[in-house]
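Read off the chains here:
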Amino acid sequence: MQRVFIMYRLKAGARMQDYWKFSKETDQPLVKRQEGVHGFEVFEITGSDKGKPDVDIVESILVDTYEKWVEVTNRPEMKANSGAWGKVGDEGSIKVLIGKKIE
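What you see is a predicted model; the values in this text were computed from it and never measured.

Cut-offs applied
Residues numbered from 1 in each chain as written. Predicted model: local features only at pLDDT ≥ 70, side-chain atom pairs only at ≥ 80, totals over all residues. Heavy atoms only, no water. Helix = DSSP H or I, 4+ residues; strand = E, 2+ residues; numbered from the N terminus. Rg over C-alpha atoms; globule rule 2.2 N^0.38 Å. Buried < 20%, exposed > 50% of the residue type's maximum accessible area, 1.4 Å probe, protein only. Contact = heavy atoms within 4.5 Å. Phe/Tyr/Trp six-rings, centres within 6.5 Å; stacked < 30°, edge-to-face > 60°. Pairing = 2+ DSSP bridges. Axes fitted to C-alpha atoms, helices over the stretch in contact; angles between N-to-C directions.

Another aspect to go through is the overall build of the chain. The number of helices and strands found in the chain is three helices and four strands. Mapped from its N terminus to its C terminus, the chain presents α and β elements in the order β-α-β-β-α-α-β. For the chain, the C-alpha radius of gyration of 14 Å lies close to 13 Å, the compact-globule estimate for 103 residues. Along the three orthogonal principal directions, the C-alpha set of the chain runs to about 35 × 35 × 20 Å. Put simply, the chain has 103 residues, and 31% of those count as buried. For the chain, the share of sequence-separated contacts (at least 6 apart) that also reach a separation of at least 24 residues comes to 73%.

This is the structure we're talking about:
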């Protein structure tokens, strides 16, 4: 399995409370029920040890493989979800990291 970390800022003018509502009511339930997704956690970044953080949100997604995740994101319901996310998330700030757990 692989872990996908997706980090981003909120769109200018978006409120964190609106993001929380979207995340808890729409995004998290949808992503968690996708085949190939084994875990999904979302974190609001509230600080940094070196100045202001450059992201507001970090998502941690446990998937079969990154390629499977890409397939998941291309499903119609996930594309619609991305459109809703775009009301609060800043697409230009997205950073994606792919990793595997060291065991």
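Once that is clear, we can look at the environment of Val 72. Locating Val 72 in the fold gives a position in helix 2 (residues 66–73). Take Val 72: its relative accessible area is 1%, and that puts it in the buried class. Among residues more than four places away in sequence, those in contact with Val 72 are Gln 34, Glu 35 and Met 78.

What follows deals with the packing of aromatic side chains. Applying the stated criterion across every chain, the model contains three aromatic pairs. Taking the centre distance of 5.0 Å and the plane angle of 90 degrees together, the rings of Tyr 8 and Trp 85 count as edge-to-face. Of this pair, Tyr 8 sits in strand 1 (residues 2–8) while Trp 85 is found in helix 3 (residues 76–85), placing the two residues 77 residues apart along the sequence. Through a chain of ring-to-ring contacts, the aromatic side chains of Tyr 8, Tyr 19, Phe 22 and Trp 85 assemble into a single cluster.

What follows concerns the sheet that holds strand 4 (residues 95–99). Strand order in this open sheet of four strands is 2-3-1-4, and the pairing throughout is antiparallel. Sheet topology places strand 2 (37–44) and strand 4 at the edges, where each strand pairs with a single neighbour. Strand-to-strand twist of the sheet, defined as the mean angle between neighbouring strand axes without regard to direction, takes the value 15 degrees. Relative to strand 3 (residues 57–63), strand 1 runs antiparallel, the two sharing seven bridges. Pairing of Ile 6 across the sheet is with Glu 59, part of strand 3. The sheet contacts of helix 1 (residues 16–32) involve strand 1, strand 2 and strand 3, and relative to strand 2 the element is tilted by about 175 degrees.

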